[in-house]
Amino acid sequence: VAHDAVTGLSILGATGSIGTSTLDVVARHPDRFRVRALAAHRDVAGMAGLCRRFRPELAVMADPDAAVALRRQLGDDLPGVRVAGGEAGLIEAATWPGVDCVVAAIVGAAGLMPTLAAARDGRRILLANKEVLVMAGELFMAEARAHGAVVLPVDSEHNAIFQCLPEAYPARDLDSLGIRRLILTASGGPFRARAPETLAQVTPDEACAHPNWSMGRKISVDSATMMNKGLELIEACRLFSAEPGRVDVVIHPQSIVHSLVEYRDGSLLAQLGQPDMRIPIAHALGWPERLVSGAESLDLAALARLDFEAPDPRRFPCLQLAYDALEAGGHACAVLNAANEVAVEAFLHGEIGYTRIAVVVAEVLERMSGGPAAADLEAIRGVDNEARSVALQVVRREAG
Ligand code: NAD
Ligand code: MG
């Protein structure tokens, strides 16, 4: 490496759950990483705290008013930190000089533009922001390949699969590597065993109370509906160039086996560990080396058992919607993602009931079915906007 052996980092979504876990791992290795850029939405106090602790060269608030407030807060004690705002600021953070590795941990569609910019700049990308792959996976992976950007999955299931793939991946495809199936595990969320007829009454706080993982609210609701697994199914197909028929989902309530790869001889390789996101984050930060993550050892004897079961399609209709969107092809996955973001937001704000999330997404998918795959970013944004406005119409009608 030209400058030195220190890895320069940019963390997009620094104040969130993944951002915070990343900085926890980074802080354990002060000689190895240098935080050069941080970006977040509008948590000014949180960002100011991170700036004092990690001294980045650039701090970005996507909300322009929040950027002004951050500049004011940092004024006297940290005059050397450049503060920027808006989407231009996010792109600046994704392509900041001296950054070897961009952690893409913004939630939702807002992360697409900066993550794509990092790919076009050939940066190593630690990808948590799965919506990028769902909305624009083909375009994003093509840009990454064309510009030599290495994409390392941080999502625990995809990171597990990556760990179970042979070294010859990605130079060779799954077939030539003798891989039969990728198996995603799913916890089943907080409602795995709840009577389906009581689901309509569920509150946002109940939906966000995940049994094994502590995460942001949007992904927590997605875990409850299993739309998260649907998004991850699409994510797996795009990341690993896998046909949908090659990816299976199995419920595993303990969240210890993070996913598996089945080879054609019948061997299954799995990655196991505590449900602690610092493990996949440390794997991606250090790859191909291994770093201390701060996660505890797994005591298999104390664990005693691991359970597996097939997902119940009546309880989890969102999972089937994701298979449908993949099969429909074209712009359907982007429509699914946008409709889901709107529906989850409406649920979190008390505008629609929990069981209506799947109904809203299904209706938007049906109304917008058959569109072509978007060839560029502008087309993707067009589809995203249209699906959001159709979803809003459906939500308003639902809300009466
Ligand atoms: P979170 O809500 O805790 O944090 C989101 C971060 O994104 C925050 O820093 C926020 O400031 C920033 N952000 C939100 N809107 C933004 C905008 N418009 N512009 C710029 N920044 C914005 O979410 P999270 O749980 O950390 O999840 C982040 C991503 O990682 C999601 O795509 C999620 O699906 C994925 N992921 C999370 C986990 C987990 O355990 N939390 C696991 C796997 C994948
Ligand atoms: Mg996951």
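See the structure above.
Residues numbered from 1 in each chain as written. Chains lettered and ligands numbered in written order. Predicted model: local features only at pLDDT ≥ 70, side-chain atom pairs only at ≥ 80, totals over all residues. Heavy atoms only, no water.

Caption draft 1: Representation of the coordination of the magnesium ion (ligand 2) in the model. Around the magnesium ion (ligand 2), the donor atoms from the protein are Asp155 (OD), Glu157 (OE) and Glu232 (OE), and they sit 2.0 to 2.2 Å away. Here the donor residues for the magnesium ion (ligand 2) map to a single chain with the spacing D-x1-E-x74-E. Here the residue glutamate 157 occupies a position in helix H7 (residues 156-164), and glutamate 232 occupies one in helix H10 (residues 227-239), the gap between them amounting to 75 residues. Glutamate 157 gets classed as buried once you look at its relative accessible area, which sits at 8%. (Donors = N, O, S within 2.8 Å, 3.2 Å for Na, K, Ca; no water. Helix = DSSP H or I, 4+ residues; strand = E, 2+ residues; numbered from the N terminus. Buried < 20%, exposed > 50% of the residue type's maximum accessible area, 1.4 Å probe, protein only.)

Caption draft 2: Up close: the pattern of salt bridges. Across all of its chains, the model carries 34 salt bridges by this definition. Aspartate 77 is the partner of arginine 52 in a salt bridge, and the nearest nitrogen-oxygen pair spans 2.8 Å. Of this pair, arginine 52 sits in helix H2 (residues 44-54) while aspartate 77 sits in the loop between helix H3 (64-74) and strand E4 (82-85), placing them 25 residues apart in sequence. Given a relative accessible area of 34%, arginine 52 falls into the partly exposed group. By sharing partners, the salt bridges in this structure join Lys130, Asp155, Glu157, Lys229 and Glu232 into a single network. (Salt bridge = Lys/Arg side-chain N within 4 Å of Asp/Glu carboxyl O.)

Caption draft 3: Structural context of unusual backbone geometry. Here the amide bond leading from tyrosine 169 into proline 170 is cis, since omega sits at 5 degrees, within 30 degrees of zero. By secondary structure assignment, the location of proline 170 is in the loop between H7 and strand E8 (179-186). Cis peptide bonds are those with omega within 30 degrees of zero, and the linkage from tryptophan 287 to proline 288 qualifies with 5 degrees. The residue proline 288 is located in the loop between helix H11 (278-286) and helix H12 (300-303) in this model.

Caption draft 4: Just the sheet that holds strand E5 (residues 101-104), in detail. As summarised here, the arrangement of the seven strands in space is E4-E3-E2-E1-E5-E6-E7, forming an open sheet in which the pairing is parallel. Edge positions in the sheet fall to E4 and strand E7 (151-153), since each of these pairs with one other strand and no more. When strand polarity is set aside, the average angle formed by the axes of neighbouring strands in this sheet is 20 degrees. When strand E6 (residues 124-127) meets E7, the two strands line up parallel, connected through three bridges. Paired with isoleucine 125 across the strands is valine 151, a residue of E7. (Pairing = 2+ DSSP bridges. Axes fitted to C-alpha atoms, helices over the stretch in contact; angles between N-to-C directions.)

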